[in-house]
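Now for the letters of each chain:
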Amino acid sequence: MALEMRRHHEQVHGDYHAYGDCFPSRAAMASLRPLKPLTFGVFEKDVAHSARQQGYGLTLNRGWETLERLGLAEAARALDTRSNGHFVFDGSGHLVNVFSSNAFGSAAAPAKDVWELRRNLIIPRQRLRELLLDELAAHDRVAATSSLRFGWEYAGHAPRDDGRMAVTFERPGQAGERDCRTVLTRALVGADGIWSRVRERTLRQLQVGNRLEYLGVLVVLGIAPSSHSLCQGNTFQVLDGDTRLYSMPFSAATGEAERTTFWQLSFACSEAEAVRYR
């Protein structure tokens, strides 16, 4: 099987699996590949891991099972910015409900170790990327290969008569030209987000519509330092029927760095108005 590139040819044997432009989903899937005898490649649009800040936090529920299979469960738990309680307020600031690990101890409450097993992990996205990248780099050192290619952007794919598909990636070249690389692969995983170009191309080939259905709600995200007691290891949300403010721990205080909180403001908004903010 050949990886074809302008002015370059690299021979690869066995089935090849390509992963298209996004972390951490692509990195996680690629990290699983060493568990099976498959040849794979990861193509990342960014020129480096640090090129674009992946700022928000991820809440891991089913993703925890993948980390366990990778042997990364304990390392991920060390990155967890846990939330010990979830407070819900109405628009006037009155407490509506609270869900908290402090509730354990009552006769009806399950054992606290059950809470630990069932609760989700909250990890900054960039830290999870680093964890997966380190695992992928360790695999590459053992296999004496390089499965991660930074700076390559998905450009398209097309099926072949032999059951494989040709996937094309591009990157800026010299004198304003674009370097192209075509990979022959048995499977293509497009982990490239909600505006996925891989999904768009695939559905167009299948003659299926690709328009996303707007739900009439605009969401604004941010990260800010916070010393308010409500933000100290807690999640809270305020709802008034039209607008929702949600907040959860993002990172703990370390050294001179302040504790930070991840917040999310959502409100009803027409699609025409929302497009202006994209």
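Residue positions are counted from 1 within each chain, in the order its sequence is given. Predicted model: local features are reported for residues with pLDDT of at least 70 only, side-chain atom pairs are reported and counted for 80 or more only, and whole-chain, interface and lining totals are derived from all residues. As a convention, hydrogens and water are excluded, and side-chain values are obtained from all of the structure's heavy atoms.

Some remarks on the sheet that holds strand S15 (residues 234–239)
Read across the open sheet, the six strands follow the order S7-S6-S15-S16-S17-S14; overall the sheet is mixed. At either end of the open sheet lies a strand with only one pairing partner, and these are strand S7 (95–100) and strand S14 (217–225). Direction aside, neighbouring strands of the sheet carry axes that sit 15° apart on average. Taken together, the four bridges between S15 and strand S16 (residues 243–251) define a ladder with antiparallel strand orientation. Bridging from a neighbouring strand, Leu239 pairs with Arg244 of S16. At least two DSSP bridges between two strands are required for those strands to pair. We count a stretch as a helix when DSSP gives it H or I for four or more residues in a row; a strand needs E for two or more, and each element gets its number in order from the N terminus. All axes here are fitted lines through C-alpha atoms, helices being fitted over the stretch that makes contact, and every angle between N-to-C directions spans 0 to 180 degrees.

A few points about unusual backbone geometry
Positive phi, normally seen in glycine, also occurs at Gln207, with a value near 60°. For Gln207, the location among the structural elements is in the loop between helix H6 (197–205) and S14.

Brief notes about the environment of Leu95
Its place among the elements puts Leu95 in strand S7. It is 9.1 Å that separates the C-alpha atoms of Leu95 and Val238, two residues lying 143 residues apart in sequence. Leaving out residues up to four positions away in the same chain, Leu95 has contacts with Phe87, Val88 and Phe89. Contacts are residue-level and defined by heavy atoms, with any inter-residue pair within 4.5 Å sufficient.

Considerations on the nonpolar core
Here is a general trend for soluble globular proteins: nonpolar side chains tend to be buried in one another's company. Only buried residues count toward a nonpolar core. Its members are Ala, Val, Leu, Ile, Met, Phe, Trp, Tyr and Cys residues joined through side-chain atoms within 4.5 Å. Accessible area is worked out with a 1.4 Å probe on protein chains only. A residue is then buried under 20% of its type maximum, exposed over 50%, and partly exposed in between. One finds Leu67, Ala76, Ile123 and Leu128 to be the most contacted residues of the largest nonpolar core, which totals 14 residues. Secondary structure elements with two or more residues in this core: strand S5 (57–60), helix H2 (63–69), helix H3 (73–79), strand S8 (121–124) and helix H5 (125–143). Those residues in contact with Ala76 that lie beyond four places of it in its chain are Trp64, Leu67, Leu121, Ile123 and Leu131. Counting residues in each nonpolar core, the second largest holds nine residues, with Phe43, Phe169, Leu188 and Val198 among its members.

Comments concerning the environment of Val198
Following the sequence through the fold, Val198 ends up in helix H6. On a C-alpha basis, the gap between Val198 and His157 in space is 8.1 Å, while along the polypeptide they are 41 residues apart. Other than its neighbours up to four places away in sequence, Val198 contacts Tyr154, His157, Leu188, Gly190 and Asp192.

Details of the pairing of strand S6 (residues 85–90)
Here S6 pairs with S7 via five bridges, running antiparallel. By the bridge assignment for S7, Phe87 is matched with Val98. Summarising the sheet, S6 and S15 pair through six bridges and their orientation is parallel. The residue bridging His86 from the neighbouring strand is Thr235, located in S15.

Describing the packing of aromatic side chains
Only the six-membered ring of Trp is used, alongside the rings of Phe and Tyr, when aromatic pairs are assigned; centres must lie within 6.5 Å, and planes under 30 degrees apart are stacked while those over 60 apart are edge-to-face, with the rest tilted. Taken as a whole and judged by the stated rule, the model has two aromatic pairs. Between the aromatic rings of Phe43 and Phe169, the centroid separation amounts to 4.0 Å while the plane-to-plane angle is 10°, which identifies the pairing as stacked. In this pair, Phe43 is assigned in strand S4 (residues 39–44) and Phe169 in strand S11 (residues 165–172), connecting sequence segments 126 residues apart. The pair Phe43 / Phe169 is uniform in exposure class, with both members buried. Each ring, one from Tyr154 and one from Phe169, has its centre 6.4 Å from the other, and the planes form 75°; the classification is edge-to-face. Of this pair, Tyr154 sits in strand S10 (residues 153–159) while Phe169 sits in strand S11; the two residues are 15 residues apart in sequence, bridging distant segments of the chain. Both residues of the pair, Tyr154 and Phe169, belong to the buried class. To sit over a ring, a charge needs its Lys NZ or Arg CZ within 6 Å of the ring centre and within 35 degrees of the ring normal. If you follow Arg181 out to its NZ or CZ, it ends over the ring of Trp152, 5.9 Å from the centre.

Considering the confidence of the model for the protein
The quantity called pLDDT is the predictor's confidence in a given residue, expressed from 0 to 100. Across the protein, the average pLDDT comes to 77, with 77% of residues at or above 70. Low pLDDT, under 50, characterises residues 103–110; the stretch is placed with six contacts to residues that sit more than four places away or in other chains.

Some details on H5
Helix span, as expected, comes to 1.5 Å for every residue beyond the first. The end-to-end C-alpha separation of H5 is 27 Å, in line with the 27 Å expected for 19 residues at 1.5 Å each. Within the sequence span of H5, burial applies to Arg125, Gln126, Leu128, Arg129, Leu131, Leu132, Leu133, Leu136 and Asp140.

As for the pattern of salt bridges
Once their charged atoms are close, side chains differing in charge can pair, the charge on each being opposite to the other. Salt bridge, as used here: a side-chain nitrogen of Lys or Arg that lies within 4 Å of a carboxyl oxygen of Asp or Glu. Tallying each qualifying case throughout the model produces nine salt bridges. Of the charged contacts in the structure, one is a salt bridge between Arg178 and Glu170, with a shortest N-O distance of 3.4 Å. Exposure remark for Arg178: the relative accessible area of 32% places this residue in the partly exposed category. A salt bridge links Arg276 to Glu273; the nearest nitrogen and oxygen atoms lie 3.0 Å apart. With a gap of three residues between them, Arg276 and Glu273 both fall in helix H7 (residues 271–276), about one helical turn apart. For Glu273, a relative accessible area of 26% corresponds to the partly exposed category. Several salt bridges share partner residues, and in doing so they unite Glu153, Glu170, Arg178 and Arg197 into one network.

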